[in-house]
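In case you want the letters, here they are:
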Amino acid sequence: MIKSDSALAGLRVLDVTQFMAGPFCAMLLADLGADVIKVEPPGGDSTRQMPGAVGVDTPSFNAVNRGKRSVVVNLKMTEGRDLFQRLARSTDILVENYRPGVMTAFGVDYQQLAPLNPRLIYASISGYGQTGPHRTKGGFDLIAQGVSGIMSITGEPGGPPVKAGVPLTDLSAGLFALVGILAALDSRHRTSVGQQVDTSLVDAGVALSVWEATEYFSGIGIPAALGSAHRMNAPYQAIRCADGYITIGAANERLFQRLCTALEHEEWIADPAFSDNPSRVIHHEALASRIESITAEKPCAHWLAVLDADGIPCGPINDYAKVFSDPQVLARGMVAEVDHPTLGHLKTLGSPIKMSATPPNVGRRAPLLGEHTDDVLREAGYGESEIQSLHASAIVS
């Protein structure tokens, strides 16, 4: 049930997406209260076949599709495209993440739908974007992390290419699309006219390379992998202790001086190699070695207690079992629970967006395949005999 006082209550979204970037974007709209109608092809979103499937339901699908309604429409059939256009006439936002050209072939791209609904906000997420020489190439997160430079600066110095552990460009492309959609909504409020929002996984990866771009544009050189170290601050990295690693972020003069005091080596403060942040960045390997010569003598818990007591930013390196039992994570509502008719009781991620008056609603499960087809068609004005005919012709299911 969508709450009438939700932030985006009253807005209708057509979600024509699969896998991650597009579904994630549309799910955030659902969390914020929009009525999100996921238009799936026969057989459903590809994440319905991921590990853990019970029929056509999987935890992976639920992870990026909660709170939506599902309809199955065959856009390869003329009648299916006509039905989709009818739905689009009363839609506020459309999100799609097909390769550029696919929605055009279906007759449902922005240029063809905008005349039918001038208020439509049409968000396109793709591997490379709607323009440029590589626009028609397919692109997954792994590919985009490589093209955008992320893999070149991830991992240990001199090591093989490593991608970020989370699907960084997928998720950030979804977030950038969400930002564009919300900005377009505000613009539409003033102008009564919608627009197309275009972002890509490669764009997102490049946009996230803030420090790396700064280093390159400043003429310092081509950024390379630094392990856990920071390219603009030191010490700011994972540090070895007797029984594992912790992170330390002594990223300004005051914190560095506190760290030296906590480690009982105040002479480092006056050492020319460490006397200011630029010098510490240049000599970050030597500095880390000195720090670890001390921290390696005692366990992580000891040093976390010492550094916390002195107000020095630090933390453990948690695996996900520890993450989801962390009292801070739990207190912030980052673990949610939902009951699913085929998957049973599920734990899922909560929302990082905290709002005092219209908080996101993450307590609604993902839909069964085609669960809401008939309801949505009725809302669009189809009669029962028309709905039966559409099912019989395999245009919907």
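As shown above, the structure is provided for reference.
Student: Sorry, what's going on with the overall build of the protein chain here?
Tutor: Within the protein chain, the regular secondary structure consists of 17 helices and 11 strands. The principal-axis extents of the C-alpha atoms in the protein chain amount to approximately 85 × 45 × 40 Å. Burial status across the protein chain gives 46% buried among its 397 residues. Contacts in the protein chain between residues at least 24 apart in sequence constitute 67% of all its contacts with a sequence separation of at least 6. Accessible surface, the protein chain: about 18900 Å² in total, of which carbon and sulfur atoms supply 58%. Averaged over its 32 positive side-chain charges, the protein chain has a centre that lies 5 Å from the centre of its 42 negative ones.

Student: Whenever I open this one, the sheet that holds strand β8 (residues 244-249) confuses me. Can you help?
Tutor: Whenever strands of a sheet pair, they do so through backbone hydrogen bonds, lying parallel or antiparallel. Taken in spatial order, the 3 strands line up as β7-β8-β9 in an open sheet, and their pairing is antiparallel. This sheet does not close on itself; its edge strands, each paired only once, are β7 (236-241) and β9 (314-316). When the angles between neighbouring strand axes are averaged without regard to direction, this sheet yields 30°. Note: β8 against β9, 3 bridges, orientation antiparallel. Within the sheet, the bridge partner assigned to T247 lies in β9 and is G315.

Student: What should I look at first to understand the pairing of strand β10 (residues 335-340) in this one?
Tutor: Regular strands place side chains that alternate from one sheet face to the opposite one. The alternating pattern of β10 places A336, V338 and H340 on a buried face, while none of V335, E337 and D339, on the opposite face, is buried. Alignment of β10 against strand β11 (residues 344-349), held across 6 bridges, turns out to be antiparallel. If you follow D339 over to β11, its bridge partner there is H345. Between the antiparallel neighbours β10 and β11 lie 3 residues.

Student: Before we go on, may I ask you to explain helix α3 (residues 78-89) in this structure?
Tutor: In an α-helix, one full turn covers 3.6 residues, which means residues spaced three or four apart are oriented alike. A rise of 1.5 Å per residue sets the reference length of α3, with its 12 residues, at 16 Å; its end C-alpha atoms lie 17 Å apart and thus fit the reference within 8%. G80, L83, F84, L87 and A88 are the residues of α3 that are buried. Down the axis of α3, the buried side of the element spans an arc of 140°, and every buried residue falls inside it.

Student: When you look at the pattern of salt bridges in this model, what are you seeing that I'm missing?
Tutor: Any two side chains of opposite charge can pair, on the condition that their charged atoms come close. The final tally for this structure, using the stated rule, is 19 salt bridges. The partner of D35 in a salt bridge is R69, and the shortest N-O contact between them spans 2.8 Å. A residue pair is termed long-range when its members are at least 10 positions apart, and D35 in strand β2 (residues 35-40) and R69 in strand β3 (residues 69-72) qualify at 34 residues. Residue class for D35 comes out buried when judged on its relative accessible area of 14%. Its relative accessible area of 15% is what places R69 among the buried residues.

Student: How should the sheet that holds β3 be read in this particular structure?
Tutor: Pairing is parallel in the open sheet, where 6 strands are placed in the order β3-β2-β1-β4-β5-β6. Looking at which strands have only one partner, the edges of the open sheet turn out to be β3 and β6 (196-200). Neighbour to neighbour, the strand axes of the sheet diverge by 20° on average, direction disregarded. As defined by bridge partners, strand β4 (residues 93-96) adjoins strand β5 (residues 121-126) across 4 bridges and the pair is classed as parallel. Among the inter-strand pairings, L94 is bridged to a residue of β5, identified as Y122.

Student: I would appreciate a short explanation of the nonpolar core in the present structure.
Tutor: Of all hydrophobic cores here, the largest spans 32 residues; its most connected members are L29, I93, V95, I125 and I181. Where this core is concerned, the elements lending two or more residues are α1 (21-31), β4, β5, α7 (168-191) and α8 (201-207). Formed by 27 residues, the second largest nonpolar core is a distinct cluster that contains F84, V108, Y382 and V396.

Student: What's the story with the pairing of β7 in this structure? I'm lost.
Tutor: Pairing of β7 with β8 involves 6 bridges; the strand directions are antiparallel. Bridge assignment links Y236 to a residue of β8, and that residue is G249. In sequence, β7 turns back onto β8 through a hairpin of 2 residues.

Student: Just checking my understanding: could you explain the side chain of T91 for this structure?
Tutor: Within the secondary structure, T91 sits in the loop between α3 and β4. At 2.8 Å, the side chain of T91 forms a polar contact with the backbone oxygen of L87. Sequence-distant contacts of T91, defined by excluding residues within four places in its chain, comprise R12, V13, L14, N117 and L120.

Student: Any chance you could explain the packing of aromatic side chains here in plain terms?
Tutor: Given two aromatic rings, one states the distance between the centres and the angle between the planes to describe the pair. Counting across every chain of the model gives 5 aromatic pairs. Judged by centre distance (6.1 Å) and plane angle (70°), the ring pair of F19 and F140 falls under edge-to-face. Taken together, the residues F19 in the loop between β1 (12-16) and α1 and F140 in the loop between β5 and α6 (141-147) connect sequence positions 121 residues apart. Taking NZ or CZ as reference, R86 lies 3.9 Å from the ring centre of Y382, over its face. One cation-aromatic arrangement involves R280 over F256; the distance from NZ or CZ to the ring centre is 4.2 Å.

Student: Sorry, what's going on with unusual backbone geometry here?
Tutor: Among all residues save glycine, negative phi is the norm, and among peptide bonds the norm is trans. Residue P235 follows A234 across a cis peptide bond; omega there is -5°. Here P235 lies in the loop between α9 (210-217) and β7. Positive phi values are uncommon outside glycine, yet F19 reaches one of about 70°. Residue F19 is classed as partly exposed on the basis of its relative accessible area of 33%. Although it is not a glycine, E264 sits at a positive phi angle of roughly 65°. Here E264 is to be found in the loop between α10 (253-262) and α11 (277-282).

Reading the values: rules and limits
- Residues numbered from 1 in each chain as written.
- Predicted model: local features only at pLDDT ≥ 70, side-chain atom pairs only at ≥ 80, totals over all residues.
- Heavy atoms only, no water.
- Helix = DSSP H or I, 4+ residues; strand = E, 2+ residues; numbered from the N terminus.
- Buried < 20%, exposed > 50% of the residue type's maximum accessible area, 1.4 Å probe, protein only.
- Contact = heavy atoms within 4.5 Å.
- Areas by Shrake-Rupley, 256 points an atom, 1.4 Å probe, with all protein chains shown as cover.
- Lys, Arg positive; Asp, Glu negative; His and termini not counted.
- Charge placed at Lys NZ, Arg CZ, Asp CG, Glu CD.
- Pairing = 2+ DSSP bridges.
- Axes fitted to C-alpha atoms, helices over the stretch in contact; angles between N-to-C directions.
- Expected span 1.5 Å × (residues − 1).
- Arc of directions from axis to C-beta.
- Salt bridge = Lys/Arg side-chain N within 4 Å of Asp/Glu carboxyl O.
- Core = buried A, V, L, I, M, F, W, Y, C linked by side-chain atoms within 4.5 Å.
- Polar contact = N/O pair within 3.5 Å; in protein donor to acceptor, adjacent residues only side chain to side chain.
- Phe/Tyr/Trp six-rings, centres within 6.5 Å; stacked < 30°, edge-to-face > 60°.
- Lys NZ or Arg CZ within 6 Å of the ring centre and 35° of its normal.

By themselves, these are just geometric observations and shouldn't be taken as functional.
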